[in-house]
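Examining the three-dimensional arrangement
Take a look at the letters that make up each chain.
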Amino acid sequence: MLERIQLGFVNTYLLRGDRHSVLVDAGTFAQRERLLQAVRDARVSLILLTHGHMDHAGGAAWLSRQLGCPIAMHPGDLPLIRGERFPMKARGVRGGLLWAVSRPRRIEPFEPAVLVEEGDSLEGWGIRGTIRALPGHTPGSIGVQLEQSILTGDAMFHMGTPSGPLIYTDRAAGEESLRRIYASGLRTAHPGHGAPIPLRAKTQ
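An account of the accompanying structure is given in this report. (Residues numbered from 1 in each chain as written. Predicted model: local features only at pLDDT ≥ 70, side-chain atom pairs only at ≥ 80, totals over all residues. Heavy atoms only, no water.)

Within the protein, the regular secondary structure consists of 6 helices and 15 strands. Here the C-alpha radius of gyration of the protein, 15 Å, is about what a compact globule of 204 residues would show, namely 17 Å. If one aligns the C-alpha atoms of the protein with their principal axes, the spans along those axes are about 40 × 35 × 25 Å. A burial count over the protein gives 53% of its 204 residues as buried. (Helix = DSSP H or I, 4+ residues; strand = E, 2+ residues; numbered from the N terminus. Rg over C-alpha atoms; globule rule 2.2 N^0.38 Å. Buried < 20%, exposed > 50% of the residue type's maximum accessible area, 1.4 Å probe, protein only.)

In structure tokens, the structure reads:
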């Protein structure tokens, strides 16, 4: 079962299995206690990060300790959680506005215990889901494919209208990731920001 947990403008998701759950993204450091209250009784076995930006990974280290579970992410974003910053560009007016209001937030350094790649399964963590590499927003951006939907992190945004990444490290890679999402045959995308997106036709 998929549960969307809205933390202001940021979405995190709880994937509930029969015995355990996987928390996808961890919000900001300031949102950590609110998120803990939402998932405290869900038997979280893994915190999976769609990418290493502060609004998705800021609370990860603290939540990992509180919940007693490891953190997983793609190795392509390890530099981000070690204090490096990738050069990024904004796409269009919405991307420019988002970039303008983005400010660094605290992220407690950590080393993920689990590194995931394209095609990896979450069954070992109690969930029927598959990792999908969705680079473009960051090199290590990933999603989680479920039976009829996909969690996209910031490979998709829903700010007024659905789109690919509004801020990106590699625009061509982001557009290819968006194409793959729409070509997947899945029904719904669940983005890192905004409401669910029906996957009926490609949005430019």
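Read on for the rest.
With respect to the helices and strands, Pro75 occurs in the loop between β5 (71-73) and α4 (78-81). Between the C-alpha atoms of Pro75 and Pro139, which are 64 residues apart in sequence, the distance is 8.9 Å. Once you skip the residues sitting within four places of it in the chain, Pro75 turns out to touch Leu115, Val116 and Glu117. (Contact = heavy atoms within 4.5 Å.)

All right, on to the environment of Thr12 then. On the secondary structure map, Thr12 appears in strand β2 (residues 10-16). Sequence spacing of Thr12 and Gly119 is 107 residues, and the spatial spacing of their C-alpha atoms is 21 Å. Apart from the residues lying within four places of it in its own chain, the contact partners of Thr12 are Glu3, Arg4, Ile5, Leu7, Leu23, Val24, Asp25, Ala26, Gly27 and Leu35.

Reading across the sheet, the 6 strands line up as β1-β2-β3-β4-β5-β7 and stay open at both edges, with mixed pairing between neighbours. Bordering the open sheet on either side are β1 (2-7) and β7 (114-115), each of which pairs with just one other strand. Here β5 pairs with β7 via 2 bridges, running parallel. In the sheet register, Ala72 faces β7, and the bridge partner there is Val114. The strands that helix α1 (residues 32-39) touches are β1, β2, β3 (21-24) and β4 (44-48); relative to β1, the one it contacts most, it runs at about 155 degrees. Seen against the sheet, helix α3 (residues 60-67) touches β3, β4 and β5 and runs at an angle of roughly 170 degrees to β4. (Pairing = 2+ DSSP bridges. Axes fitted to C-alpha atoms, helices over the stretch in contact; angles between N-to-C directions.)

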